[in-house]
Amino acid sequence: MNNLALNTAARTILRIVVGFLFAAHGWQKYNEFTIAGTQGGFAQMGVPAADVIAPIIATLELVGGIALILGLATRPFAALLTLNMLGAIILVHASAGVFVEGGGYELVLLLGASALAVALVGPGKLSLDNALFGRSTSKLRVLA
C-alpha cells in the first residue's frame, strides 16, 4: 500500500516516540542518576573509558532524542543512536539474555532497531529536515 498520509503518520509517530524515549533516557542520566552516577554505573557494567563515554552517551541520548522529536538532522542522529544501542548490546546486555528483567537486551534491541528504521526511512514530511532541506534543489535533501 502506497498511501502518503499513512506513510507520513507512521514516520512521524515512530520518530517522535523513539525520540521521546531516547531523550527521557538522556535526561535520566543527567538528572536522576547524575553524570557521576552514570560514570560509576558504566564502569561497573564494564564499559571502557566510562568517565569519558558516560557524558557523551547522556548528551547524545538527550540531544539526539530532542532532534528526532523535531525531525532535525534526523538521519545522522538516528544512526548515532543505533550505534549507541549496538554498543550497549555488545558491551552490557548480550550476556544477560533477551529479557529486560534480567538485564537482557530486549529494550535496547527495540530502541536500536527503531532508530535504525528512522535512519533508513528518514524523518518524513512533518519534520524540520523536510521544511529546511526538502526542496529538490537542496544539496542536503538526503536529510529530508
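1. Side note on the nonpolar core
- Formed by 14 residues in total, the largest nonpolar core has its most connected members in Phe 22, Leu 68, Ala 78, Leu 81, Met 85 and Val 108.
- Where this core is concerned, the elements lending two or more residues are helix H1 (4–31), helix H3 (50–70), helix H4 (74–93) and helix H5 (106–121).
- Every residue in contact with Val 108, bar those within four places of it in the chain, is listed here: Met 85, Ala 88, Ile 89 and His 93.
- Counting residues in each nonpolar core, the second largest holds 5 residues, with Phe 42, Val 47, Ala 54 and Ile 57 among its members.

2. Re the layout of surface pockets
- By volume, the largest pocket is sized at about 500 Å³.
- Lining of the largest pocket is provided by 23 residues; of these, Lys 29, Phe 42, Glu 61, Ala 88 and His 93 occupy positions nearest its centre.
- Elements represented by at least two residues in the lining of the largest pocket include exactly H1, helix H2 (35–44), H3, H4 and H5.
- Ranked by the residues each element gives to the lining of the largest pocket, the list is headed by H4, at 7 residues.
- Its residues placed into classes, the lining of the largest pocket shows 13 nonpolar, 8 polar and 2 charged.

3. Notes on the environment of Val 92
- Its location among the elements puts Val 92 in helix H4.
- The sequence separation of Val 92 and Tyr 105 amounts to 13 residues, and the corresponding C-alpha distance is 8.4 Å.
- Residues contacting Val 92, with those up to four places away along its chain left out, are Met 45, Val 47 and Gly 87.

4. What about H4?
- If you check which residues of H4 are buried, you get Thr 74, Ala 78, Leu 81, Thr 82, Asn 84, Met 85, Ala 88, Ile 89 and His 93. Buried residues of H4 fall within an arc of 160° about the axis and therefore sit on the same side. Among the exposed residues of H4, those oriented more than 90 degrees off its buried face are Leu 83 and Ile 90.
- At its buried positions, H4 is contacted by H1, H3, H5 and helix H6 (128–133).

5. Here's the deal with the environment of Val 17
- You can see Val 17 is positioned in helix H1.
- With 48 residues separating them along the chain, Val 17 and Gly 65 place their C-alpha atoms 9.2 Å apart.

Calculation notes
- Residues numbered from 1 in each chain as written.
- Predicted model: local features only at pLDDT ≥ 70, side-chain atom pairs only at ≥ 80, totals over all residues.
- Heavy atoms only, no water.
- Core = buried A, V, L, I, M, F, W, Y, C linked by side-chain atoms within 4.5 Å.
- Buried < 20%, exposed > 50% of the residue type's maximum accessible area, 1.4 Å probe, protein only.
- Helix = DSSP H or I, 4+ residues; strand = E, 2+ residues; numbered from the N terminus.
- Contact = heavy atoms within 4.5 Å.
- 1 Å grid on protein atoms, 1.4 Å probe; cavity = no way out; pocket = protein on both sides within 12 Å on 5 of 7 lines; lining within 4 Å.
- Points joined across faces, edges and corners; volume = space filled by probe spheres on them.
- Nonpolar A, V, L, I, M, F, W, Y, C, P; charged D, E, K, R; others polar.
- Arc of directions from axis to C-beta.

Keep in mind these values describe shape, not function.
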